[in-house]
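# Topology and contacts: notes
Chain by chain, the residues run as shown.
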Amino acid sequence: MVQTEFRIETQGPGLVEFTDQVRDWLAQDPHDGLLTLFVRHTSCSLLIQENADPQVQTDLAAFFERLVPPSDHPSMTYLRHTYEGPDDMPAHIKASMMPVSLSIPVCAGGLALGTWQGIYLFEHRRAPHLRRVAAHLGCPLI
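Quick look at the structure, then. Just so it is clear, the model here is predicted, and its values are computed rather than measured. (Residues numbered from 1 in each chain as written. Predicted model: local features only at pLDDT ≥ 70, side-chain atom pairs only at ≥ 80, totals over all residues. Heavy atoms only, no water.)

## A short note on the pattern of salt bridges
- Overall, the coordinates contain nine salt bridges when judged by the stated rule.
- Where R40 meets E5, a salt bridge forms, and the shortest distance between an N and an O atom there is 2.8 Å. With R40 in the loop between β3 (33-39) and β4 (44-50) and E5 in strand β1 (residues 3-9), this pair connects stretches of sequence that are 35 residues apart.
- By relative accessible area, which is 44% here, R40 ends up partly exposed.
- For E5, a relative accessible area of 26% puts it in the partly exposed group.
- Between D20 and R23 there is a salt bridge, with its nearest N and O atoms 3.8 Å apart. Residue D20 and its partner R23 are located together in helix α1 (residues 19-27), separated by three residues, close to a single helical turn.
- By relative accessible area, D20 is classed as exposed at 53%.
- Each of the salt bridges in this network shares a partner with another, and the network as a whole consists of E5, R7, R40 and R132. (Salt bridge = Lys/Arg side-chain N within 4 Å of Asp/Glu carboxyl O. Helix = DSSP H or I, 4+ residues; strand = E, 2+ residues; numbered from the N terminus. Buried < 20%, exposed > 50% of the residue type's maximum accessible area, 1.4 Å probe, protein only.)

Here it is in structure tokens:
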């Protein structure tokens, strides 16, 4: 139970929380250690973010859409990688600005997250995708 892969279905741009999937996996065999999550794609990111108010996720998505608009926006005419659609290169830019891996302490099989923190995949593409996140729990030697 030291490694697994989470499969996360997205419905287009925005944040998809998968904290409960991670908790369920860790609960199968409780240990202390350091959890590493790594998204295996170049057009999405991982974030630890507030999970109490859904407007936080909406506002984050809106901010990054304004920060890096699609390649067909007049301000983005300098982009050359456009053959996969106007959202592709902006998705790569956004993913380069945010984490693609996270490290989270685990105590007795529980995530050492703050009260309002959740684990999110941040989808940057417009179309739905099936995203894969590799997970590894490094346990101390006893």
